[in-house]
Amino acid sequence: MPAQLSWGRLVVSLVAAAYFAYYASTAHDWHFIDNVNLIIHEAGHLIFIPLGEFMRILGGSLLQIVMPIAFVAYFYLQQQYFSASLVAFWVGQNLINVSVYAADARWMELPLLGGDADTHDWNQILSLLHALDAAPQVGAALFVAGLLVLCAATIAAIHFSRTEQ
């Protein structure tokens, strides 16, 4: 029997797409999901300590992006494609969240957990790479990547709203 549309999945897909489009349009605001991402971000600093100072600093943003990718991979390998597509929204959202942080590296105007310049990861990362002037471009590239992932997640979620009967 051919695949049939699951209206419940379609509604969930459209609600997720709408929420993450809203998130992208208000990326400089603090959202509830950012509380979860902050915990993962801070854990990344601890997890990457054994790999040296640069990786410790990068580890926060890196884990923030890699963690949801791991969940997407898990669901994909379990052939739960609809679930994988929903979690992909989280990947795109984290890229957008990190883009705001990276773009702020030069001016350091975001309120941070530690509250001083020594705690601005992206200022340190780009300074160590001698690329601090590229902060706006790095932020823009991460933002565009996040938007592309959100678009792909939307298409995939709608596509996988069809179920085999």
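Position numbers for residues start from 1 in each chain and track the written sequence from start to end. Since the coordinates come from a predicted model, pLDDT governs what is reported: local features require at least 70, and pairs of side-chain atoms require 80 or more to be given and counted, while whole-chain, interface and lining totals use all residues. With hydrogens and water excluded, all non-hydrogen atoms of the structure serve as input to the side-chain values.

Trainee: Is there a simple way to think about the nonpolar core in this case?
Mentor: When a protein is soluble and globular, its nonpolar side chains tend to lie buried together. With 37 residues, the main nonpolar core has Phe20, Val72, Phe89, Ile96, Trp122, Leu142 and Leu150 as its most contacted residues. Taken together, the elements giving at least two residues each to this core come down to helix H1 (7–25), helix H2 (32–47), helix H3 (53–77), helix H4 (81–103), helix H5 (121–128) and helix H6 (135–159). Counting residues per element, this core draws most heavily on H4, which supplies 13 residues. Nonpolar core, defined: a set of buried Ala, Val, Leu, Ile, Met, Phe, Trp, Tyr and Cys residues in which side-chain atoms within 4.5 Å join the residues together. When accessible area is computed with a 1.4 Å probe and restricted to protein chains, residues below 20% of their type maximum are described as buried, those above 50% as exposed, and intermediate ones as partly exposed. To qualify as a helix, a DSSP run of H or I must reach at least 4 residues; to qualify as a strand, a run of E must reach at least 2; elements of each kind are numbered from the N terminus.

Trainee: I keep staring at the packing of H4 against H5 and nothing clicks. Help me out?
Mentor: Between two packed helices, both the angle of their axes relative to each other and the distance between the axes serve to describe the pair. For helices, the axis comes from a line fit to the C-alpha atoms of the stretch in contact; other axes are also lines fit to C-alpha atoms, and the angle between any two N-to-C directions lies between 0 and 180 degrees. Here H4 crosses H5 at 65 degrees, and the two axes come no closer than 7 Å. Overall, the two elements H4 and H5 adopt an arrangement that is roughly perpendicular. Taken as a pair, H4 and H5 cross one another with a handedness that is right-handed. Two secondary-structure elements touch here, H4 through Val98, Tyr101 and Ala102 and H5 through Asp121, Trp122 and Leu126. With respect to orientation, any angle under 35 degrees is reported as roughly parallel, any angle over 145 as roughly antiparallel, any angle of 65 to 115 as roughly perpendicular, and every other angle as oblique. In this scheme the crossing of two helices becomes right-handed for a clockwise turn of the near helix relative to the far one and left-handed for an anticlockwise turn of less than a right angle. The contact rule is simple, with two residues in contact once any of their heavy atoms fall within 4.5 Å.

Trainee: Would you mind showing me how to read the environment of glycine 52 here?
Mentor: Position of glycine 52 among the secondary structure elements: in the loop between H2 and H3. A relative accessible area of 29% places glycine 52 in the partly exposed class. The spacing of glycine 52 and proline 68 is 16 residues in sequence and 24 Å in space, taken between C-alpha atoms.

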